[in-house]
Amino acid sequence: FVECGFGNDSHGQSSTKAAVRACRNAIEFNSIPSINRLVPGGYDALKLDVLLAVPPKYQENLDLDAVAQVFPYGDCKFTIQDGGMIAPSGIAIERLGDTNEDMVVVCSSVTVGY
């Protein structure tokens, strides 16, 4: 079972916020109610392989513990690769946390297995 998503942080340049949104986007319309019948050990035995494509400039501040909180069950293994996108937001708004006009976009691929 593989799902993909994307997320962005328009103001504040937070790769964590963008990654959280990308992971939510990947899983938000899915439900696997029969997981207890399909996976030995059920929800507790689920393994999540999460691939995040993050702009290199913003990888250092990525908080994977915060991203892992998106997933209600399963053991997460993260792989980070160069990718995503930096797009212009058109304006830097200091009170929103902007340090520049970058909009950070992160892509995610979430593979569910055991």
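Residues numbered from 1 in each chain as written. Predicted model: local features only at pLDDT ≥ 70, side-chain atom pairs only at ≥ 80, totals over all residues. Heavy atoms only, no water.

Caption draft 1: Structural detail: the overall build of the protein. The number of helices and strands found in the protein is three helices and five strands. N-terminal to C-terminal, the α/β element order of the protein is β-α-α-β-α-β-β-β. Considering only C-alpha atoms, the protein reaches an extent of 50 × 20 × 20 Å along its principal axes. Put simply, the protein has 114 residues, and 34% of those count as buried. In the protein, the proportion of contacts linking residues at least 24 apart, taken out of those at least 6 apart, comes to 72%. Accessible area of the protein: about 6,600 Å², with a carbon and sulfur share of 51%. Of the charged side chains in the protein, 8 are positive and 14 negative, and the gap between their average positions amounts to 6 Å. (Helix = DSSP H or I, 4+ residues; strand = E, 2+ residues; numbered from the N terminus. Buried < 20%, exposed > 50% of the residue type's maximum accessible area, 1.4 Å probe, protein only. Contact = heavy atoms within 4.5 Å. Areas by Shrake-Rupley, 256 points an atom, 1.4 Å probe, with all protein chains shown as cover. Lys, Arg positive; Asp, Glu negative; His and termini not counted. Charge placed at Lys NZ, Arg CZ, Asp CG, Glu CD.)

Caption draft 2: Region of interest: the environment of V20. With respect to the helices, strands and loops of the structure, V20 is situated in helix α1 (residues 15-27). Residue V20 is classed as buried on the basis of its relative accessible area, which comes to 12%. When the C-alpha atoms of V20 and V106 are compared, they prove to be 9.0 Å apart, with 86 residues separating the residues in sequence. In contact with V20, not counting residues within four places along its chain, are A66, V67 and V70.

Caption draft 3: Here's a closer look at unusual backbone geometry. The phi dihedral of Q13 falls on the positive side, at around 55°, and the residue is not glycine. For Q13, the location among the structural elements is in the loop between β1 (2-9) and α1.

Caption draft 4: Expanded view of the layout of surface pockets. Computed from the structure, the largest pocket encloses a volume of approximately 170 Å³. Around the largest pocket, the lining residues are F1, I27, N30, S31, I32, L46, L48, F71, P72, Y73, V110 and V112. Considered class by class, the residues forming the lining of the largest pocket number 10 nonpolar, two polar and no charged. (1 Å grid on protein atoms, 1.4 Å probe; cavity = no way out; pocket = protein on both sides within 12 Å on 5 of 7 lines; lining within 4 Å. Points joined across faces, edges and corners; volume = space filled by probe spheres on them. Nonpolar A, V, L, I, M, F, W, Y, C, P; charged D, E, K, R; others polar.)

Caption draft 5: The arrangement of α1 in detail. With 13 residues, α1 ought to run about 18 Å at 1.5 Å a step, and its terminal C-alpha atoms sit 18 Å apart, in line with that. S15, T16, A18, A19, V20, A22, C23 and A26 are the residues of α1 that are buried. Those residues of α1 that are buried lie in contact with β1, β2 (47-54), α3 (64-68) and β5 (102-113). (Expected span 1.5 Å × (residues − 1).)

Caption draft 6: Molecular detail of the pattern of salt bridges. Applying the stated criterion across every chain, the model contains four salt bridges. A salt bridge links D9 to K17; the nearest nitrogen and oxygen atoms lie 3.8 Å apart. K47 is the salt-bridge partner of D75, the closest N and O atoms lying 4.0 Å from each other. Placement of the pair is D75 in strand β3 (residues 75-82) and K47 in strand β2, with a sequence separation of 28 residues. D75 gets classed as partly exposed once you look at its relative accessible area, which sits at 47%. (Salt bridge = Lys/Arg side-chain N within 4 Å of Asp/Glu carboxyl O.)

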